[in-house]
Amino acid sequence: MFQTVIDYFESIDPVLAALYATLFTWFLTALGASFVFFFKNMNRVVLDGMLGFTGGVMVAASFWSLLAPAIEMTAGEGFIKVIPASVGFFLGALFIFGLDKVLPHLHINFQESEGVKSPWQRTTLLVLAITLHNIPEGLAVGVLFGGVAAGIPEASIAGALTLAIGIGIQNFPEGIAVSMPLRRMGMSRRKSFMYGQASALVEPVAGVLGAVAVTFFTPLLPYALAFAAGAMIFVVVEEVIPETQQDNNTDIATLGFIGGFIVMMMLDVALG
């Protein structure tokens, strides 16, 4: 079945393929957010475990799907070979750091706000926080499809689809992590769902932009792959992991992280 999907994506324009793949990752976010129609509360232990899983998938994807190909496709030996990946990785982290300081947003625990002071409602700030996470995820998928369009041997449809599947899997708990707290605050089920799924709408936009950028500027590919990896790692270390440490569920969150890393590693090696 996976081969059939690969064959289909190979038959269409890579930019369109990037759009379809990131619409899939958005759909799984929406699927997670839809849980708000069936439950009002989510056990904190379960939520921390799922967030840990999310972090594990993101870290594994950053290496297996982004950094390793970026290094492999760079010519040269020794330090020369790793410079583009190092520069891109640092710039990606710096990009999210800058957005983190400028864009007003609220952490999932509703206790810590970051960015410039804003009169916006707490619900809007929470959605912006998750949206901030999703920018590098959509970009990562788009950049890989852009590499396919540019004819880079190290970039493959199978690898891009595998990354989209992994990101989609970890988007599922993110949808829950947005919609459930909103429902708990008293928001209607419908509005909670709409806010939850809206947090991932940025992924198709970032995916298409990443694919187009690499298509026109092929030498950017190793930098762009590492840029997405740096942005994802920053999000994991700065927010996802600390979020799982707010209660006494650190062991569950850690096991979730390990599980997420293993799942993404297996997907990438087996399918990518």
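Since we're looking at a predicted model, the values are computed, not measured. (Residues numbered from 1 in each chain as written. Predicted model: local features only at pLDDT ≥ 70, side-chain atom pairs only at ≥ 80, totals over all residues. Heavy atoms only, no water.)

Q: Help me get a handle on the environment of A60, residues and values and all.
A: Position of A60 relative to the elements: it lies in helix α3 (residues 44-72). Counting along the chain gives 206 residues from A60 to M266, while the straight-line C-alpha distance between them is 9.7 Å. For A60, the residues in contact, after removing those within four places along its chain, are S65, F261, M264 and M265. (Helix = DSSP H or I, 4+ residues; strand = E, 2+ residues; numbered from the N terminus. Contact = heavy atoms within 4.5 Å.)

Q: Describe in detail the nonpolar core, supporting the description with residues and values.
A: Ranked by internal contacts, the top residues of the largest apolar core, which has 50 residues, are L66, F145, L163, L221 and L225. If you list the elements that add at least two residues to this core, you get α1 (2-10), α2 (14-33), α3, α4 (78-102), α5 (122-149), α6 (157-184), α8 (202-216) and α9 (221-244). With 12 residues, the single largest contributor to this core is α9. Core analysis: the next-biggest nonpolar cluster, separate from the first, contains 7 residues, M50, L51, I176 and A177 among them. (Core = buried A, V, L, I, M, F, W, Y, C linked by side-chain atoms within 4.5 Å. Buried < 20%, exposed > 50% of the residue type's maximum accessible area, 1.4 Å probe, protein only.)

Q: Talk me through the side chain of N171; I want residue IDs and the actual numbers.
A: Along the polypeptide, N171 turns up in helix α6. When near neighbours in sequence (up to four residues on either side) are disregarded, N171 contacts T25, L28, T29, N134, E137 and E203.

Q: Which residues make up the confidence of the model for the protein, and what values do they have?
A: When the pLDDT values of the protein are averaged, the result is 83; 89% of them are 70 or greater. Model confidence for the protein, summarised as mean pLDDT per element, is weakest for strand β2 (residues 113-114) at 51 and strongest for α2 at 92. Note on residues 115-120: pLDDT is under 50 here. Beyond four places in sequence and across chains, it has 13 contacts. (pLDDT = per-residue confidence, 0-100.)

Q: Residue-level account of the packing of aromatic side chains, with values.
A: For any two aromatic rings, the description comes down to two numbers: the centre-to-centre distance and the angle of the planes. Tallied over the entire structure, the rule returns 7 aromatic pairs. A ring pair is formed by F35 and F172, whose centres lie 5.2 Å apart and whose planes are at 85°; its orientation type is edge-to-face. Taken together, the positions of F35 in the loop between α2 and α3 and F172 in helix α6 put the pair 137 residues apart, joining distant regions of the chain. A relative accessible area of 22% means that F172 is categorised as partly exposed. A network of ring pairs unites the aromatic residues Y8, F9 and F145 as a single cluster. (Phe/Tyr/Trp six-rings, centres within 6.5 Å; stacked < 30°, edge-to-face > 60°.)

Q: Report on the packing of α6 against helix α10 (residues 250-271), specifying residues and quantitative values.
A: How two helices sit against one another is set out by the angle between their axes and by the gap between those axes. Close contact between α6 and α10 brings their axes to 9 Å; oriented N to C, the two are set at 160°. As far as their axial angle goes, α10 and α6 are roughly antiparallel. As α6 runs across α10, the sense of the crossing is right-handed. In this structure, α6 contributes A158, T162, L163, I165, G166 and I169 to the contact, and α10 contributes M264, L267, D268 and L271. Within the contact of α6 with α10, the residues separate by chemical class into 7 nonpolar, 2 polar and 1 charged. (Axes fitted to C-alpha atoms, helices over the stretch in contact; angles between N-to-C directions. Parallel < 35°, antiparallel > 145°, perpendicular 65-115°, else oblique. Left-handed = near helix turned anticlockwise from the far one by under 90°. Nonpolar A, V, L, I, M, F, W, Y, C, P; charged D, E, K, R; others polar.)

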